[in-house]
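# Notes for the structure review
Listed below are the residues making up each chain.
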Amino acid sequence: MIGQGKLLEIQDLRKNYGNKGHVTRALNGVSFDVLKGEFLGIMGPSGSGKTTLLNCIATIMKPTSGRVLLKGDNISSFDSKRLAEYRGSRIGYLFQDFELLDNLTGKENILLPLSIHGVDFAKAREKLHELATFLEITDVLNKFPSQMSGGQKQRVAVARSLISEPDIVLADEPTGALDTRSARNLMNKLTEINRKNERTILMVTHDANAASFCSRILFIQDGVIFHELRRQQSESREEFYERILQLLAQLGGGSANVL
Ligand SMILES: Nc1ncnc2c1ncn2[C@@H]1O[C@H](COP(=O)(O)OP(=O)(O)OP(=O)(O)O)[C@@H](O)[C@H]1O
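Residues numbered from 1 in each chain as written. Predicted model: local features only at pLDDT ≥ 70, side-chain atom pairs only at ≥ 80, totals over all residues. Heavy atoms only, no water.

### What to know about the overall build of the protein
For the record, the criterion: Put simply, DSSP H or I for four residues or longer makes a helix, DSSP E for two residues or longer makes a strand, and each gets a number counted from the N terminus. Restricting the calculation to C-alpha atoms gives the radius of gyration, and the globule rule supplies 2.2 Å times the number of residues raised to the power 0.38. Each residue's exposure class comes from its accessible area (1.4 Å probe, protein chains only) as a fraction of the maximum for that residue type: buried when under 20%, exposed when over 50%, partly exposed otherwise. Working rule for contacts: check all heavy atoms of both residues, and any pair within 4.5 Å makes them a contact. Residue exposure ignores everything except the shown protein chains as possible cover, and the areas themselves are Shrake-Rupley values with a 1.4 Å probe. When charges are counted, neither His nor the chain ends are considered; positive counts come from Lys and Arg and negative counts from Asp and Glu. The atom standing in for a charge is NZ when the residue is Lys, CZ when it is Arg, CG when it is Asp and CD when it is Glu.
When helices and strands are counted, the protein shows 8 helices and 10 strands. Against the globule reference of 18 Å for 259 residues, the protein gives a C-alpha radius of gyration of 18 Å, in line with a compact fold. Counting only C-alpha atoms, the protein reaches 50 × 45 × 40 Å along its principal axes. Taken over 259 residues, the protein has a buried fraction of 49%. Contacts in the protein between residues far apart in sequence, at least 24 positions, make up 71% of those at least 6 positions apart. Looking at the protein as shown, the accessible area adds up to about 12700 Å², and 47% of this sits on carbon and sulfur atoms. Distance between charge centres in the protein, computed from 33 positive and 30 negative side chains, equals 3 Å.

Laid out in C-alpha cells, this is it:
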C-alpha cells in the first residue's frame, strides 16, 4: 500500500555538463514527486539522464539548478553533518555492478555503512540476521564477493542498502548485470521489501521486465520526463509488462526489452 504524502520532491532539476563550448544538458527541467511507500520506476534510453538524476538525488553530484526535497527538507541546504546523515542513513543505494568491497566479507560489506555512521550493534546484528534470512544470503555472509554469484552479490548489496533503514532506496539498473532468473528473484525481493515493509524505492532501468514490478513508471528522454504509466490495482504484473512493451513499441523502441 502506498502511504499518504510526498516523500521526495524533485523540482525543475537541471544538470549541465561541460563548459560554454560543449554543454550537455543531461537534465533539462525534471519535476516529479515520489510518494511514501511507492515503487517508482524511471525508464529511458541510454544517455537520457537517468544516472545523472539518481546521482543528484543521492548528492553524489550537484545539480546546476532546481531542488530536491526529502520530507520537505531541501537537501542542498544541508550542512555537512546533515548531509552525512542523509547519505549514510536516509538513502540506500543499489548499483548495477554491486560496488561491494572485494577485501571485505558479505557481512562486513553489509555492516560497513553502520560502522561509518555509528550504531547500536546489538540492533544491527538482529537486523543483519533478519535481512540475511529474507534475502537468502546467510551462507555467504562470511564469504568474499569473489566467492559469490552475481545474484548473491546483489542481494548482499540490497542488505547493505537497507541496514540503516533508509527513507528511500535508489536503485540504478540493479538487474543490469544479472541473468534472467537472478533478475526475477531480485525484483521479487525488492517488491516484497516495498510492499511488506513499505520501503520506498526509486529504480532506473532499461529493462521492461524489471520495470513491470513497479507501481508507476516515468519515461525520460533528453533530460525531460515525457510520459507516465501507472499499474492499475486490478492489473497483473504480466499485463503491466505487456502495456510497457506496447508503449515502447509506439515510441519506436525497437528491441523488446531495451528502450
Ligand atoms: N561526467 C560527464 N561529463 C560530460 N557529460 C556527461 C557526463 N556524465 C554524463 N554525461 C552525459 O550526460 C547525458 C546523460 O547521461 P546519464 O549517464 O545520466 O544517462 P543514462 O540515461 O543514465 O544513460 P545509460 O542508460 O547509458 O547509463 C549523456 O549525454 C552523457 O553523455
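### A word on the site of the ligand
Spelled out, the test is: Near is defined per residue: the residue qualifies when any heavy atom it owns lies within 4 Å of the molecule or strand. Here a polar contact is recorded for every N or O atom pair within 3.5 Å, except that within protein the pair must consist of a potential hydrogen donor and a potential acceptor, and residues adjacent in sequence are included only if both atoms are side-chain atoms. Note on residue categories: nonpolar means Ala, Val, Leu, Ile, Met, Phe, Trp, Tyr, Cys or Pro, charged means Asp, Glu, Lys or Arg, and polar means any other residue, Gly included.
Taken together, Tyr17, Thr24, Ala26, Pro45, Ser46, Gly47, Ser48, Gly49, Lys50, Thr51, Thr52 and His206 make up the full set of residues near the ligand. Between Thr52 and the ligand, the recorded distance is 2.5 Å, taken from a side-chain N or O atom to an oxygen atom. Mapped by element, the contributors of at least two residues to the shell around the ligand are β2 (24–35) and α1 (50–57). Counting residues per element, the shell around the ligand draws most heavily on α1, at 3 residues. Taken together, the residues of the shell around the ligand sort by class into 3 nonpolar, 8 polar and 1 charged.

None of the figures reported here should be taken as evidence of function without further support.
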